[in-house]
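# Chain and residue survey
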Amino acid sequence: MRIDPLGNLGEPPGVLRALGAATTRLGLPPPAALTGEWFGAAAVIAPSVAIRPVDPAEVFAVRPGTEAPTAVGGGWVGYLAYPDRGAGHHAGRIPQAAGGWTDSVLRCDQDGCWWYESLAGAAMPSWLAEALAAPALATPWQIDWGAADRDAHRAGVLDCLAAIAAGEVYQACVCTQLTGTIIGAPLDFFADAVARSEPARAAYLSGGWGSLASLSPELFLCRRGDQVTSSPIKGTLPRSADPAALRASVKDVAENVMIVDLVRNDLGRVAVTGSVTVTELLAVHPAPGVWHLVSTVSARVAPELPMAALLDATFPPASVTGTPKLRARQLLAEWEPQTRGAYCGTIGFASPVAGCELNVAIRTVEFDATRGAVLGVGGGITADSDPDAEWAECLHKAAPVLGLAEAADQRVVRARSTAS
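First, a word on scope: everything that follows refers to the structure included in this document.

The rules behind each value
- Residues numbered from 1 in each chain as written.
- Predicted model: local features only at pLDDT ≥ 70, side-chain atom pairs only at ≥ 80, totals over all residues.
- Heavy atoms only, no water.
- Helix = DSSP H or I, 4+ residues; strand = E, 2+ residues; numbered from the N terminus.
- Contact = heavy atoms within 4.5 Å.
- Polar contact = N/O pair within 3.5 Å; in protein donor to acceptor, adjacent residues only side chain to side chain.
- Axes fitted to C-alpha atoms, helices over the stretch in contact; angles between N-to-C directions.
- Parallel < 35°, antiparallel > 145°, perpendicular 65-115°, else oblique.
- Left-handed = near helix turned anticlockwise from the far one by under 90°.
- Nonpolar A, V, L, I, M, F, W, Y, C, P; charged D, E, K, R; others polar.
- Buried < 20%, exposed > 50% of the residue type's maximum accessible area, 1.4 Å probe, protein only.
- Disulfide = S-S within 2.5 Å.

The next point concerns the environment of Asp4. Secondary-structure assignment places Asp4 in strand β1 (residues 2–7). Linking Asp4 and Ala123, residues 119 residues apart in sequence, is a C-alpha distance of 8.7 Å. If sequence neighbours within four positions are ignored, Asp4 has contacts with Trp114, Trp115 and Tyr116. A polar contact of 2.7 Å, which involves the side chain of Asp4, links it to the side chain of Arg2.

Have a look at this one:
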């Protein structure tokens, strides 16, 4: 593997813009980006990668590396959409899964130094060197958002409360959507969003099928060799609130603990007996616009366990489904009018050197090939849930995305109130 230091190239959003401009000009596949806390780095960017539809059974099918990552080198980058359709039985707007292989990446370490890495040992191509030497200017974009269906969400919450009272489920994540149209490039939306909010598990993918701009704070799975961890988020308060109130909330604590048990059960299906442990419980973490309650579950699996088997046991993520998981999924498909699509699925990278890291695709805007935009939001419902409070939680989660109207210069989002 080849690793070359490149020095300080600037912040990841600017580097991504430069790569986007260069690949567009040269007719190359666009870049893909992970920013925040991936593989111990501040950013991992594939300079140009063809992200094409694939069989969902083939995603992230790379034997993960075993060492703590000091390099990524390359690997398979892509997404897997949430598998269930909504009550309207509409097909997904984008493929169920897509991804592609990249032999090289640009990695920004936590000190701001960039590195060119190639699994095959290839030198950095001249077009890439030229692109990095000529950073691109930000270009305007605009999204006109429609209003989410508050009545449908309330009906779903009430149905969930009835199902809890009847003993069918203990908890379920009821979601809604906002739809709109983007004028401009999804890459510029993502770059602005990352620069403004710095989410921990942000990801950007694009292809002929459309684009995904994920501003997720949540880790679904991290695997290195035989070690697997998952950090489910359950429990949310607006950033203006006292974070201690989240840890003191009976409803949020119960919600988190139930999902921790579900993650333990999911991992236990493939883990070495006795290896599943809760290494962090009910920690309050900041995220864009909100406080979250986060726990972490770890397990050991057989080194030869295929990623497909790990995903069969754990996907879709516990925090966006409910418990019991199968019944919650069945009921959610009846309660939610829309198909979730990439929202509540997973986006990530599988490297033969650094392992596999996947986010939970929440705070994620899905752009189809005609520039239609969809933003999903939701929250976990328990016996203590209040429908109005659950709606407010959806608005708190959507606010950082809708609030990008305040971005600098000419980049404007016009958002109608979703509470009307």
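Turning our eyes to something else, we now look at the packing of helix α3 (residues 150–165) against helix α9 (residues 387–402). Here α3 crosses α9 at 125°, and the two axes come no closer than 10 Å. With respect to α9, the element α3 is oriented oblique. The hand of the α3/α9 crossing is right-handed. Where α3 approaches α9, its residues Arg150, His153, Arg154, Val157, Leu158 and Leu161 are matched on the opposing element by Pro387, Asp388, Glu390, Trp391 and Cys394. Of the residues belonging to the contact of α3 with α9, the class tally is 6 nonpolar, 1 polar and 4 charged.

Bringing the environment of Thr370 into the picture now. The residue Thr370 is located in the loop between β21 (364–368) and β22 (372–381) in this model. Among the residues examined, Thr370 registers a relative accessible area of 64% and is labelled exposed. For the pair Thr370 and Ile182, spaced 188 residues apart in sequence, the C-alpha separation works out to 9.2 Å. A distance of 2.9 Å separates the side chain of Thr370 from the side chain of Asp368, its partner in a polar contact.

Covalent bonding between the sulfur atoms of two cysteines is what defines a disulfide. Enumeration over the complete set of coordinates arrives at 0 disulfides. Here Cys173 stays unpaired: no disulfide links it, and the sulfur of Cys175, its closest cysteine neighbor, is 3.9 Å away. Cys173 gets classed as buried once you look at its relative accessible area, which sits at 3%. Cysteine Cys222 remains unbridged, with the sulfur of Cys356 as its closest cysteine sulfur at 8.2 Å. The exposure class of Cys222 is buried, given its relative accessible area of 12%.

Phe315 connects to Pro316 through a cis peptide bond whose omega is 0°. Topologically, Pro316 is positioned in the loop between α7 (307–314) and β18 (322–323). Geometrically, the link from Thr323 to Pro324 is a cis peptide bond, its omega value of -5° lying close to zero. Its place among the elements puts Pro324 in the loop between β18 and α8 (325–335). One non-glycine residue, Glu198, adopts positive backbone phi at about 50°. Counting through the fold element by element, Glu198 comes out in the loop between α4 (186–197) and β11 (201–207). By relative accessible area, which is 65% here, Glu198 ends up exposed. Phi at Cys344 is positive, roughly 75°, even though this residue is not glycine. On the basis of relative accessible area, Cys344 is assigned to the buried category, the value being 0%.

Inspection of the secondary structure assignment puts Ala42 in strand β3 (residues 41–46). Counting along the chain gives 158 residues from Ala42 to Ala200, while the straight-line C-alpha distance between them is 9.1 Å. When neighbours within four sequence positions are excluded, Ala42 is seen to be in contact with Pro12, Leu34, Thr35, Gly36, Cys108, Asp109 and Gln110.

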